[in-house]
Amino acid sequence: MIKQFIILTCAFSLFACTGRSEKYGEKVVQKAIGRVEEMPNLPQPYRVLDWKEKAKAFDRFVFDWNNPSETGCLIWLDDHRRNIDQTTFGLYTAIHDVRQGKDANNGEFHENLNSLAALLGAGLIGIDKTSQDGYNYVKMVQNYFNSETGWNIMMNNTTASVGGSGGGYGRDWWYDVFPNALYYAVCDVFPGVTGADAIQHSIAEQFVKADSVLNGNYNYSYFDYGKMEGRVNRIPFQQDAAGGHAYVLLCAYQKFGNIRYLNHSKSAIEALLSQTESRFYEVLLPLGIYTAAYLNATEGTNYDVHKLLDWVFDGCKSPTGRNGWGIIVGKWGDYDVSGLQGDVNGYAFLMNSIKPAWPLVSMVKYQPQYARAIGKWMLNNTNACRLFYPEEIGDGNQYLPEWKDKTGNTIAYEGLSRHDRYGKASLKNVSPVALGDGPLWKKGNPDETMFSVYSSSPVGILGAIVEETDVEGILRLDCNITDFYAKRPYPVYLYYNPYTEARSVTFRAQQACDLFDTVEKVYVAQNITANGKIEIPADQARIVVVLPAGTKLVLNNNRIIANNQYIIAYK
């Protein structure tokens, strides 16, 4: 009897092990991104904020119509009814910016990139901006749809009359393209808002026309969407605008199903890849990377994603482009700052560092060979992003420590510089220094304009994507939350283990589930009903798909299909 029990026990154990180790294709070999390899596996000093709580606090502080702090109220109503017959709202770009508010510039100078990012970040963490304090903020931002100019796309201001006040308007290409990517994202998070479909359709049609006119030649400073002409001015050519066009048109194809949008998304990616060197600036190229990866997986294209990733991380080296703009690597003073975006020679920006997480984390679902690289970059980037907040960096490393208690620690400095850029005596030989460009924008702007609402507004992107696990240094990154318009039948998470030995993190199941890793092509756990463990190999990553327990998987033409209908791993 004892012998029979031992045999049955061994047989059951063998069955369980075999089930766990069954593979659905070959393990995905990881590809390194050279500049990410130069980053530490675990940056020091290490601290990851509760970004979701940070985003909630930001929303409470900025959308407080009776803000009692010394910053004053950061929001106001604009009743000039530009483009659409409704009242809209404005947000200060920076604290006490003299260009803004209801009494400056006719009350009309406010930036769409700020407002849309704030709405997107809030929506991603579950705040309903269609019904808050009696306002439908998502409807109100439609005033940025510039019909009066004939451009018929979302722009950074509501009217050309304030377009020269700062922030780019009809003269700097990324400023004109990115609001449309943001708007598409906001509309996915807040669907069904009256008037949104018509605006989205107009944007798509304008971008199709623009891509047709450009016909592969994006060698311009900006594009006039009214006259449908490329323009050149003192601003460097912005060929990476093609990435923004491609992304918006892919979203439009997924929303409306018009094959023209898909064809021009591909056309724009091909224009982007036709460049001989990086023209990276801000966020349009990362959006293009996501688009290329998605098209490779779903449409069978063969776009060179690795070249585009190198262009972002290595940055622009052309003397005729935004020379020196890329992803920063290194230690400034006592702080690891690897992963941040900005001038690689010594000036990082918070907004620019947050926003690439939107396309690049979701990109790994379609190009899992970059799971380790993106996981490692995000660990560094997430750690370093906290340094822009006044309570997260030493008083001796920031320009205005006396202001750190006045912003609720919700408004960050715009920038982080290797050295002081203003010549303040107390900051001589100090590195790094948290500061900002606000005092340079307009004569009379006070020092506190270094605290940037505009830079802090997308914090909800990190709040939605980044979550700590029970192992310090291993993050859980949500690959679905910013994968706008794509099919997302199952939760998908990226885990990266920075340690030199395998580590296990706890997975807390909401219902009975199986966990499948699309990197190694194996189950890492099955039939979890409460808490389970995910073991992550040393210095490796897993992309874990959370499947209802018992979901059937089949391997078909090198694709893994769940429940006979959903592709969870592509060729």
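So, how was this worked out
- Per chain, residues are indexed from 1 in the order of the written sequence.
- Where totals are concerned, whole chains, interfaces and linings use all residues; where local detail is concerned, this predicted model gives features only for residues with pLDDT of at least 70, and gives and counts side-chain atom pairs only at 80 or more.
- To obtain the side-chain values, all non-hydrogen atoms of the structure were included, while hydrogens and water were left out.
- Helix axes are fitted to C-alpha atoms over the stretch in contact, other axes to C-alpha atoms as well, and angles between N-to-C directions run from 0 to 180 degrees.
- In this text, helices come from DSSP runs of H or I with a minimum length of four residues, and strands from runs of E with a minimum of two, each type numbered from the N-terminal end.
- In what follows, roughly perpendicular refers to angles from 65 to 115 degrees, roughly parallel to angles under 35, roughly antiparallel to angles over 145, and oblique to any angle outside these ranges.
- For any helix crossing, the convention is left-handed if the near helix is rotated counterclockwise from the far helix by under a right angle, and right-handed if that rotation is clockwise.
- Contact criterion: two residues are considered in contact whenever any of their non-hydrogen atoms come within 4.5 Å of each other.
- Each residue gets one label: Ala, Val, Leu, Ile, Met, Phe, Trp, Tyr, Cys and Pro are nonpolar, Asp, Glu, Lys and Arg are charged, and the others, such as Gly, are polar.
- Residues belong to one nonpolar core when they are buried, are Ala, Val, Leu, Ile, Met, Phe, Trp, Tyr or Cys, and are joined through side-chain atoms within 4.5 Å.
- Per-residue accessibility, obtained with a 1.4 Å probe over protein chains only, is compared with the maximum for each type, and a residue is labelled buried under 20%, exposed over 50%, and partly exposed between these values.
- Two N or O atoms form a polar contact when they lie within 3.5 Å of each other; inside protein one atom must be a possible hydrogen donor and the other a possible acceptor, and for residues adjacent in sequence the pair counts only when both atoms belong to side chains.
- Here a cavity denotes grid points, spaced 1 Å and computed from the protein atoms alone, that fit a 1.4 Å probe unable to get out, and a pocket denotes an open set having protein on both sides within 12 Å along at least 5 of 7 lines; residues with an atom within 4 Å of a point are the lining.
- Grid points are joined across faces, edges and corners, and a volume is the space filled by probe spheres set on the points.
- Here, strands pair whenever DSSP counts at least two bridges between them.

1. Some points on the packing of helix α9 (residues 259-273) against helix α10 (residues 284-299)
Moving on, step 1. Two elements in contact, α9 and α10, have axes whose closest approach is 10 Å; the angle formed by their N-to-C orientations is 120 degrees. In terms of orientation, α9 and α10 fall into the oblique class. Crossing of α9 over α10 shows left-handed handedness. Where α9 abuts α10, its residues Leu262, Ser265, Lys266, Ile269 and Leu272 lie against Leu285, Gly288, Thr291, Ala292, Leu295 and Glu299.
Moving on, step 2. Class assignment for the residues of the contact of α9 with α10 results in six nonpolar, three polar and two charged.

2. Notes on the nonpolar core
Moving on, step 1. Among the nonpolar cores identified, the biggest contains 182 residues, and Phe178, Tyr225, Phe313, Trp358, Met363, Ile374 and Met378 are the most heavily contacted of them.
Moving on, step 2. Among the elements that line this core, the one with the most residues is helix α6 (residues 173-189), at twelve residues.
Moving on, step 3. When neighbours within four sequence positions are excluded, Ile374 is seen to be in contact with Ile33, Leu360, Val361, Met363, Val364 and Leu494.

3. Description of the side chain of Gln100
Moving on, step 1. Here Gln100 shows up in the loop between β2 (88-91) and α4 (112-124).
Moving on, step 2. By relative accessible area, Gln100 is classed as buried at 4%.
Moving on, step 3. A polar atom in the side chain of Gln100 sits 2.6 Å from the backbone nitrogen of Thr93.
Moving on, step 4. In contact with Gln100, not counting residues within four places along its chain, are Trp76, Leu91, Tyr92, Thr93, Ala94, Phe109 and His110.

4. A short note on empty space enclosed by the protein
Moving on, step 1. Tallied over the full model, the rule gives three cavities of 30 Å³ or more.
Moving on, step 2. A volume near 50 Å³ is recorded for the largest cavity.
Moving on, step 3. For the lining of the largest cavity, the class distribution of residues is three nonpolar, one polar and four charged.
Moving on, step 4. Roughly 40 Å³ of internal volume is contained in the second largest cavity.
Moving on, step 5. Around the second largest cavity sit Gly375, Leu379, Gly473, Leu475, Leu477, Leu494, Tyr495 and Tyr496, which together line it.
Moving on, step 6. Counting residues per element, the lining of the second largest cavity draws most heavily on strand β16 (residues 492-496), which supplies three residues.
Moving on, step 7. For the lining of the second largest cavity, the residue count by class is six nonpolar, two polar and no charged.

5. Let's talk about the sheet that holds strand β19 (residues 522-528)
Moving on, step 1. Reading across from one edge, β14-β15-β16-β21-β18-β19 is the order of the six strands in this open sheet, with antiparallel pairing throughout. The two strands at the open ends of the sheet, each matched to only one other strand, are β14 (466-468) and β19. With strand direction ignored, the average angle separating the axes of adjacent strands in the sheet is 25 degrees.
Moving on, step 2. Sheet analysis places strand β15 (residues 475-478) next to β16, joined by three bridges and oriented antiparallel. Residue pairing across strands places Leu477 opposite Leu494, the latter belonging to β16.
Moving on, step 3. In the packing of helix α14 (residues 371-385) onto the sheet, contacts are made with β14, β15, β16 and β21 (541-548), and the angle to β16 comes to roughly 75 degrees.

6. A few points about the sheet that holds strand β8 (residues 341-343)
Moving on, step 1. Read across the sheet, five strands follow the order β5-β8-β9-β11-β12 without closing on themselves; strand pairing throughout is antiparallel. In this open sheet, the two strands that pair with only one neighbour each are β5 (325-327) and β12 (433-435). The average angle at which neighbouring strand axes cross in this sheet is 30 degrees, direction not considered.
Moving on, step 2. Relative to β8, β5 runs antiparallel, the two sharing three bridges. Looking across to β8, one finds that Trp325 is bridged to Asp343.

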